[in-house]
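Okay, here's what each chain looks like letter by letter:
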Amino acid sequence: MENEILTKAAVPEGLSRVDGRMKVTGKAKYSAEYSTKGVTYGVLAGSAITSGSIKTIDTKTAMRAPGVLAVLTYLNAPKIPGYQENPQPKGPLKIFYDNKIYFNGQPIALVIADTFERALFAAGLIEATYNTEPFQTSLKNNLSAGFSPRNGKDYVRGVENAFKTAPIQLQQEYSIPTEVHNPTELGSTLAYWDGDDKVTVYTKTQGVKSTQRSVAQAFKLQPENVHITAPFVGGAFGSALRTWPHEIAAVLAAQVVKKPVKLVLGRADMFTSIGYRPASWQKVGIGATADGKLVGITHEAAGQTSAYEDFSEGVVNISQLMYACPNVNTKYRLVPLNVNTPTPMRGPGEATGAFALECAMDELAYKLGMDPIELRMKNYAETDPQSGKPYSSKFLSDAYKLGADAVGWDKRNPKPRAATENGWLVGYGMAAGMFGAYRNSATVVARLLSDGTLHIETAVTDIGPGTGTAMTTNASDVMGIPANNINFRLGDSAMPPSPTQGGSSITATVGSAVNDACMQLKDKLKELNGNSESAASGYAQILQQHNLPQLEVTVTSKSGPEMSKYASYSWSVHFMKVLVHPTTGVVKIDKGLSVADAGKIVSPKTARSQMIGGSVMGAGMALMEEAVIDHRYGRLVNNNFADYHVPIQADIPQIEALFVNKPDPHLNPMGAKGMGEIATIGVAAAIANAVFNATGKRVRDLPLTPDKLV
Ligand code: MOS
């Protein structure tokens, strides 16, 4: 009884994480763990004000502190050549560029010393004075300052505001606070130069090739003279999609002191240096006929961005795409504030939008007196409602069934606040998610050696989902070579190009290239073998017979023009059973179950982990995560793990993942679709919907903390 779901979704068969042992024994090395002879340490000092400019900055005391080699500020830092092309104000923050301050904590100086502790100490000795200017840090108070971003046109399908003509309708506002990226691994960079034109950088990044391009662009170097290494990444979720100012600062500092410089962000720095899911406000109007057919959806949203750069995301897109609704209109606005620039965070845009849409759907289901799954099935889109194109595949209805059965949806009491267990209110909720399924171009080199082992390389990173494991499984499936004879290497810019890991696209993208390379190797082997297929056990012999030390292919793989005929998405549904304490308002997740239609599951074990991890992240979004700014000062007050809460084991008793596991026949040779984003998209809504079912209280402002329920 304890583990009802677990018994139905036992840990799947398949290859265990190929780097699992390295990770749990500490053999896996992350950027901060690399060192080199004569390494020095950089520590950033941040602005004490929120908007204005630096009047004076005194670094003399810091310079005299023991072990200090240099202190860089806008006054003495060499001009970064790439910065000149695209001058501030608009664009990515340029570190040590001028005296302007755009947000509290903005780096104003970098101390380089012989030890980390000495650098940290000296950073505290820097004295700055400022000219302060008025600032705004509250999204709620500045909604009227919203502007329409260049890539966020207002959308109208059918009749605008048609929901207002529906017999059953509602309109509600939803808000989500800023949720800050807090992966385990801190932003870390080790940089050293070889002469004036070559640099080696170990850095936390989701894309070694994109970081190579950015560093080359900033310092006007040949890309091949910039060597980026990131063999392991300790979680990123969007926070390492771009090259951040602190990474550029480390490279710059290494140039100045002519020594290797290691710069590791402190946890507090993470709150101002690597982006976050921007605070958002949303308003959804939704209307249906008495039998539950959607008449119209109106979805307006605003998200915060920085004063120096526009960051926009597809918050309202999900309302255009999710349901077969004839009338949909959406609007999205950006509100510039004196904060650092946001960045994608798992399910960027859609996770935010799904919270509002999928809560509104739940509210509508209650108004209609209809089961929430039935309402969704009643408005199930059989073709893409936005483009009219057929789906490359969609098995969301299978996912609904699979999940409802496994979670025991029939046990849900549709009446709110009607069920208890041991004195706690019990509620069930569900919500769906979707995210585009993509495939980009990737190149891999595959070498079969005469000992029968297979070696594959590409410059992708693995930020945690298990790319190495999935690619090894993939190659093993195609070639028939056992996984322990396959060595998949990644995370180095000197390897053949692969895209940045992000947007749930790497299994489809790199997997296709691995698949194609393995197919080519098989063709070559067949040719060598007198045009007859050989079992994998015969590969070594074929090479030896021909006196070949190895067979090598380099393959670039991308999707063909046929993809434009289809709309491609991954789909998910999340079920949550929660317990809410009637007096204290404490919410406990009792059980969670996520079901994904992510096409063919290439690597079942890592896929399961990825889905569970995404759900935990959604639980953080729903129940606890909130960056709190004191708007009087524009300063974050909870930039640490004592005050900024993320879910821990005790918060997550049982979450399981199931898969429809039906291949997408069009997207790529494996039939795989992405999974990283849909694991989180919809989770927060499922929890809020479960809390309503338990309590009869509809909380539309995240996080769902106890004070909102008593
Ligand atoms: Mo992801 S938000 O594409 O790293």
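Heads up: the structure comes first, above all this text.
Throughout, residues of each chain are indexed from 1 in the direction in which the sequence is written. Totals for whole chains, interfaces and linings use all residues, but because this is a predicted model, local features are given only for residues with pLDDT of at least 70 and pairs of side-chain atoms are given and counted only at 80 or more. By convention in this description, side-chain values take in all heavy atoms of the structure and omit both hydrogens and water.

1. Quick look at helix α12 (residues 467-479)
Given 3.6 residues to a turn, an α-helix orients residues that are three or four positions apart in the same direction. Under the convention used in this document: Helical segments are the DSSP runs of H or I of at least four residues, strand segments are the runs of E of at least two, and each set is numbered from the N terminus. A helix is expected to reach a length of 1.5 Å times the quantity of its residues less one. The buried label goes to any residue with under 20% of its type's maximum accessible area, the exposed label to any with over 50%, and the partly exposed label to all in between, with areas taken from a 1.4 Å probe on protein chains only. Contacts are assigned to residue pairs with any non-hydrogen atoms lying within 4.5 Å of each other.
With 13 residues, α12 should reach 18 Å at 1.5 Å per residue; the first-to-last C-alpha distance of 18 Å fits that figure. Along α12, the residues that are buried comprise T467, G468, T469, A470, M471, T472, T473, N474, A475, S476, V478 and M479. Buried-residue contacts for α12 involve β21 (454-457), β22 (486-489), α13 (506-528), α14 (539-545) and α15 (604-623). Phi for G480, located one or two positions after α12, is positive at around 75°.

2. Concerning the nonpolar core
Selection criterion: Residues belong to a common nonpolar core when they are buried Ala, Val, Leu, Ile, Met, Phe, Trp, Tyr or Cys residues joined through side-chain atoms within 4.5 Å.
M322 and I687 are the most contacted members of the largest nonpolar core, which has 95 residues in total. It is helix α9 (residues 350-368) that contributes the most residues to this core, 11 residues altogether. The residues touching M322, leaving out its near neighbours within four places in the chain, are L357, A381, K394, L396, Y400, A432, G433, M434 and W571. Residues A236, A250, L263 and M270 belong to the second largest nonpolar core, which totals 44 residues.

3. Looking at the sheet that holds strand β18 (residues 420-421)
We apply this condition: Here, any two strands with at least 2 DSSP bridges between them count as paired. Orientation is described by lines fitted to C-alpha atoms, with helices fitted over the stretch in contact, and by angles between N-to-C directions that extend from 0 to 180 degrees.
Strand order in the open sheet formed by 5 strands is β18-β19-β24-β25-β28, and the pairing between neighbours is mixed. Two strands lie at the open edges of the sheet, namely β18 and β28 (655-659), each paired on one side alone. Pairing of strand β24 (residues 569-580) with strand β25 (residues 587-597), which is carried by 10 bridges, proceeds in the antiparallel orientation. Across the sheet, K577 pairs through a bridge with K591, a residue of β25. Most of the contacts of helix α11 (residues 396-407) go to β24, to which it runs at about 20°, and overall it touches β19 (424-436), β24, β25 and β28. Against the sheet, α15 makes contact with β24, β25 and β28, and its axis sits at roughly 130° relative to β28, the strand it touches most.

4. Some remarks on unusual backbone geometry
At the junction of L702 and P703, the peptide bond is cis and its omega measures out at -5° in the coordinates. One can find P703 in the segment after α16 (683-695). Residues other than glycine seldom take positive phi values, yet K220 does so here, at roughly 55°. Position of K220 among the secondary structure elements: in the loop between α5 (208-219) and β12 (226-229). On the accessibility criterion, K220 (45% relative accessible area) is partly exposed.

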